[in-house]
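Notes for the structure review
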Amino acid sequence: MISSVSSLEDVRVYPTISKRDLWLEILRKIEPKVQRSQFITWFRDTAILGHEEGTLVVGLPLPMSLNWHLEHYRALTLQTAQELDPTIHQVVYKVDGALKDDPLRTFDLLTAFPEPKRRKLPGKQEVKLAEGIVSKILSPRYSLDNFVVGANNRLAYAACQSVSLQPGGKYNPLFLYGGVGLGKTHLLQATGNAILKQMPRATVVYTTTEDFTNQVIEAISQQRMEQFRKRYRVVDVLIIDDVQFLANKERTQEEFFHTFNTLYEDHKQVIISADRPPQELQLEDRLTSRFERGMIADVSLPDYETRLAILIGKAQEYELFIDMSVLQFIAEHATQNIRELEGILMQAVAQYELEQRVPTVKSIAEIMCKLNKDPHGEEESVGFDLPAKRSATFQDVMEAVSRYYSVSVQDMVGQSRVREILIPRQIAMFLLKKYVRMSHERVGEVFEGRDHTTVMNAVRKIEDKLQSDAQFLREVRSLEKELDFV
Ligand code: ADP
Ligand code: MG
């Protein structure tokens, strides 16, 4: 029965390994060869989307990382993939925005690749500091050095700086408040990072009010309140984000009050953020008065100069080359929140990557129109008086079609005339024309400078096919639905 074993040895068997496992193996080999911060930045939320006939399709979450991968990692990725499976002979990339929140296809790199000799990582984006004490991982992206100081945040920044030099000192607790997207989380995490830099052995816990609430609920359900209270004794710095969510949660407020007191009496630093000042939070009076005992500082809307400085900083951070006039234009018109400012910058880059067009004031204006969500809301997110409702953008369409038909955006805008690419290309043109309201000329430009008559023909072809082919109609309808057009 075992006589045929020797002949089997000649057969090269590549075990069927899932795309996800294969990618993890590849990442394991790449990681030691790439600087850690680069590895985390560029390989975050990546995945293998396809592995057929020697071609490995690597999915990237953001268009802006495409060029970077092509230039810096394609050779390394191919070489590494070949070590694991010699039948692979090429690596291609495909942008898939959905990878950003798809833990089933991607890996949490910080967990899968913990820093050597660092503390153990128990869960997603968390670090275990002591028995029962878990902190969210502080993002290295947030530092006090890359925080731009302006009149809107000067006091908050100075307080954070002082706390980072002397935690548990005179600014305790430190309470930061301000609207959405104005830099509170950045400051909180940056302060935590700065403290750890100086005192690597300090136990710094950064948590959100939501996580803290969940911990309290868990402790209550397991009847382990005593342990819960004791746990926090070992903490040196407690940073808790968005405490406005404590409102109406009496039990969590009570536990927070005890935790707070324990730490405060031991001269441990507590740093808190909220979207409004303590007296407006509608929390228990004793908690409010504790907060008011310390240092309170607000972050408000940045002025033009600060917005511009932030944009210049972000552009440098992401290694983007954007003309100063364009940055100035964004800074002039996006006035409401800094996350929006960054969003526009990222869209500009995406547009550049996809359309091969350098961002101009005009193209930015178009992006802003599309982002201009609700002019009837209290405040317009970007001060632009163009179409009312947010419709799908150029990028949405390209990504949806690419996903639906498993064709890369590059192939779609490229020259191939094989049917599998041609049809999705024509559908994309049709959708862009009809729903993003791009002109024939402009769609043509995007598709590698095709003539507007080519676009007109494509649109007509699709319209005809929709009349005569029920299956095709279903496909296009489901795409439209995904893009929220119908
Ligand atoms: P909040 O927590 O107040 O809602 P965040 O801290 O998340 O806001 O800030 C939103 C984005 O804006 C982050 O990417 C952050 O880095 C950036 N940001 C905000 N203020 C500044 C600043 N002064 N300098 C640099 N970046 C900033
Ligand atoms: Mg925040």
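For every chain, the first residue of the written sequence is number 1, and numbering continues from 1 onward in sequence order. Written order decides the labels, with chains lettered from A and ligands numbered from 1. Local features in this predicted model are restricted to residues whose pLDDT is 70 or higher, and side-chain atom pairs enter the listing and the counts only when it is 80 or higher, whereas totals over whole chains, interfaces and linings include all residues. Side-chain calculation: all heavy atoms of the structure are included, whereas hydrogens and water are not.

Turning next to the sheet that holds strand β10 (residues 295–298). We treat two strands as partners when DSSP finds at least two bridges between them. Secondary structure elements follow DSSP: runs of H or I no shorter than four residues count as helices, runs of E no shorter than two count as strands, and numbering proceeds from the N terminus. Ordered in space as β7-β8-β9-β6-β10, the 5 strands form an open sheet in which the pairing is parallel. At either end of the open sheet lies a strand with only one pairing partner, and these are β7 (204–208) and β10. Neighbour-to-neighbour, the strand axes of this sheet turn through a mean angle of 15 degrees, independent of strand direction. Here strand β6 (residues 174–177) runs beside β10; their pairing, made up of 4 bridges, is parallel. Opposite F175, over in β10, you have I296 as the bridge partner. Convention adopted: a line fitted to C-alpha atoms gives each axis, helices being fitted over their contacting stretch, and angles between N-to-C directions are expressed from 0 to 180 degrees.

Now for helix α14 (residues 338–355). Here α14 spans 25 Å end to end across 18 residues, near enough to the 26 Å set by a 1.5 Å rise per residue. Taking burial as the measure, the 18 residues of α14 include 13 buried ones, the bulk of the element. Of the residues that open α14, the one with a side-chain oxygen 2.6 Å from the backbone nitrogen of R339 is N337. Note on α14: the residue one or two positions beyond its end, Q356, has a positive phi of about 60 degrees. The length a helix should cover is 1.5 Å for every residue beyond the first. Each residue is assigned to one of three classes by its accessible area relative to the maximum for its type, calculated with a 1.4 Å probe on protein chains only: buried under 20%, partly exposed between the two thresholds, exposed over 50%. Within 3.5 Å is the distance limit for a polar contact, defined as a pair of N or O atoms, with the added protein rule that one can donate a hydrogen and the other accept it, and that residues adjacent in sequence qualify only through two side-chain atoms.

Glancing now at the packing of aromatic side chains. Note on ring pairs: Phe, Tyr and Trp rings are taken, using the six-membered ring of Trp, and paired if centres are within 6.5 Å. Classes follow the plane angle, with under 30 degrees stacked, over 60 edge-to-face and the rest tilted. Applying the stated rule across the entire model yields 16 aromatic pairs. With centroids separated by 4.9 Å and ring planes inclined at 50 degrees, the aromatic side chains of F43 and Y73 adopt a geometry described as tilted. Of this pair, F43 sits in helix α3 (residues 36–43) while Y73 sits in helix α4 (residues 66–84), and the two are 30 residues apart along the sequence. For Y73, a relative accessible area of 6% puts it in the buried group.

This part covers the sheet that holds strand β2 (residues 55–60). The mixed open sheet is built from 3 strands, whose spatial order is β1-β2-β3. Of all strands in the sheet, those with a lone pairing partner are β1 (47–52) and β3 (90–95), marking the two edges. Shown here is a sheet whose adjacent strand axes are inclined to one another by a mean of 25 degrees, direction ignored. Examined bridge by bridge, β2 and β3 share 6 bridges and lie parallel to one another. Looking across to β3, one finds that L56 is bridged to V91. Sheet strands touched by helix α2 (residues 19–30): β1 and β2. Its angle to β1, the strand with the most contacts, is close to 110 degrees. It only takes one pair of heavy atoms within 4.5 Å for two residues to be counted as in contact. The sheet strands contacting α4 are β2 and β3, and the helix crosses β3 at an angle near 140 degrees.

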